[in-house]
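Listed here are the chains, written in short residue letters.
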Amino acid sequence: MDIIPLLHPLPFCTSTCTVATLNTPLLKQKTGLLFRNRRISSPIWNWRQRRTRYICCSSANDPSSSTSSKISSATKLRSEVLSPFRPVRMFFYVAFIASASLGGLISLTQLIPALVSPMKSQSVPTILQSFGIDLGAVLLFAFLYTRENKAKNAQEARLSREERLSKLRLRLSENKIVSMEELRGVSRLVIVAGPSSFLLESFERCKAFANELVERGVLVVPFCTEGDIPDFKLLTSVGEMANDEKIKRLWQLTPVYFTEWAQWLDEQKKLANVAPDSPVYLSLRMDGRVRGSGVGYPPWNAFVAQLPPVKGLWSGLFDGMDGRV
């Protein structure tokens, strides 16, 4: 009796398998099976196996996965570090809701017989009072839990956006590209996004504060949304060479991968209810967290007034206290 070979292997099968016997010439001719010591090797088999492995690898990127998977474990850990008592509060809120719900259920079981029986009618006001307290407790702690959960989700979303920001790339020099994350603890970045005319005006306004900004570890990331990005190295004046070097260092970064930067900025503008074509600035702390943002030109004088120098006696003490702007 002829045995037909299996042409649909399991996902984890090897490219060869053993069959008992095969005496069908037509099948051998069509499938191109090569027999050797009762073991078969098929091009169709190998193609199906490669296709199966590809599908298994790509299933992890299924867009139908839950949105909670977008929040990485590192982001959740940072959220817990920033709010260490939030899980404890949420646990007690749930416990109080369960306790009050149980008390309300017991009050209902007492209220129904009291309404039916005239003998127990005198206890109806007491039961109603107890039921009202339980109901109020359920509503109160449900409100507190909902507010706490919304704050948790908002914080995780903000930290997730900051994490995506840290993965964006910058060109430090002609042969060196770094990520935003690599500049943490080294500099305070100020992202200036707008058309080329806006970037030129921001460049002119920061010249008077170039020395103070460099002392405070500020580096500007110019992102041109319209027109060609200016060459800031050629825009420095020739008269003051020392100040020119400060300005070149201040404006030495250039964003790469324009699409990723544009998507992140568009998301930020949408969350802040800012028009997509509005010029904006975004300042970061030394640890990479967002310190402040606004529409229009960056307040260079406020940066100088509020940011501590990166070198000196007070440099390490005020790293996390970067002011309001």
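This text follows the structure it describes.
Everything in this summary refers to the structure shown in the same document. These numbers were taken from a predicted model, which means no experiment stands behind them. (Residues numbered from 1 in each chain as written. Predicted model: local features only at pLDDT ≥ 70, side-chain atom pairs only at ≥ 80, totals over all residues. Heavy atoms only, no water.)

Compared with the 45 Å implied by 1.5 Å per residue over 31 residues, the 45 Å span of helix α4 (residues 86-116) between its first and last C-alpha is a close match. Residues Arg86, Met90, Tyr93, Ala100, Gly103, Gly104, Ser107, Leu111 and Ala114 constitute the buried set of α4. Against the buried residues of α4 lie α3 (73-82) and α5 (124-166). (Helix = DSSP H or I, 4+ residues; strand = E, 2+ residues; numbered from the N terminus. Expected span 1.5 Å × (residues − 1). Buried < 20%, exposed > 50% of the residue type's maximum accessible area, 1.4 Å probe, protein only. Contact = heavy atoms within 4.5 Å.)

Moving on, we come to unusual backbone geometry. In this structure, tyrosine 257 is a non-glycine residue whose phi angle is positive, near 60 degrees. Secondary-structure assignment places tyrosine 257 in the loop between β8 (254-255) and α9 (258-271).

A few words on the side chain of glutamine 155. By the secondary structure assignment, glutamine 155 is in helix α5. For glutamine 155, a relative accessible area of 11% puts it in the buried group. In this structure the side chain of glutamine 155 is engaged in a polar contact, spanning 3.5 Å, whose partner is the side chain of serine 83. (Polar contact = N/O pair within 3.5 Å; in protein donor to acceptor, adjacent residues only side chain to side chain.)

By the bridge criterion, five bridges tie strand β9 (residues 280-284) to strand β10 (residues 290-295) in an arrangement that is antiparallel. Bridging from a neighbouring strand, leucine 282 pairs with serine 293 of β10. (Pairing = 2+ DSSP bridges.)

Below, the discussion takes up the packing of aromatic side chains. Tallied over the full model, the rule gives ten aromatic pairs. Seen in terms of ring centroids, phenylalanine 203 and tryptophan 251 are 5.4 Å apart; in terms of plane orientation they differ by 75 degrees. Their pairing is edge-to-face. Of this pair, phenylalanine 203 sits in helix α6 (residues 196-206) while tryptophan 251 is found in the loop between α8 (241-250) and β8, placing the two residues 48 residues apart along the sequence. Taking the relative accessible area as the measure of exposure, phenylalanine 203 reaches 0% and is therefore buried. In this structure an aromatic cluster arises from ring pairing among Phe91, Phe92, Tyr93, Phe96 and Phe141. Positioned above the aromatic ring of tyrosine 297 is the side chain of arginine 205, whose terminal nitrogen or guanidinium carbon lies 3.9 Å from the ring centre. (Phe/Tyr/Trp six-rings, centres within 6.5 Å; stacked < 30°, edge-to-face > 60°. Lys NZ or Arg CZ within 6 Å of the ring centre and 35° of its normal.)

Quick look at the nonpolar core now. Grouped together as the largest cluster of nonpolar side chains are 21 residues, with contacts concentrated most on Val192, Leu213, Leu250, Trp251, Trp300 and Phe303. Within the residue set of this core, elements represented by two or more residues are β6 (188-195), α6, α7 (210-215), β7 (218-226), α8 and α10 (300-306). Apart from residues lying up to four places away in sequence, tryptophan 300 is in contact with Val190, Val192, Ser202, Arg205, Cys206, Phe209, Leu213, Val220 and Trp251. (Core = buried A, V, L, I, M, F, W, Y, C linked by side-chain atoms within 4.5 Å.)

Glancing now at a nonpolar patch on the surface. Taken together, the side chains of Val88, Phe91, Phe92 and Phe96 present a nonpolar region at the surface, about 400 Å² in accessible area. When you line up the elements, valine 88 lands in helix α4. A residue is classified by how much of its surface remains accessible, and valine 88, at 42% relative accessible area, is partly exposed. (Patch = residues over 30% accessible without salt bridge, like charges linked within 9 Å, V, L, I, M, F, W, Y side chains within 5 Å. Areas by Shrake-Rupley, 256 points an atom, 1.4 Å probe, with all protein chains shown as cover. Salt bridge = Lys/Arg side-chain N within 4 Å of Asp/Glu carboxyl O.)

So, on to the sheet that holds strand β5 (residues 176-179). Reading across from one edge, β5-β4-β8 is the order of the three strands in this open sheet, with antiparallel pairing throughout. The open sheet terminates on both sides in strands that have one partner only, identified here as β5 and β8. Relative to β5, strand β4 (residues 169-173) runs antiparallel, the two sharing four bridges. Across the sheet, the residue bridging to arginine 171 is isoleucine 177, located in β5.

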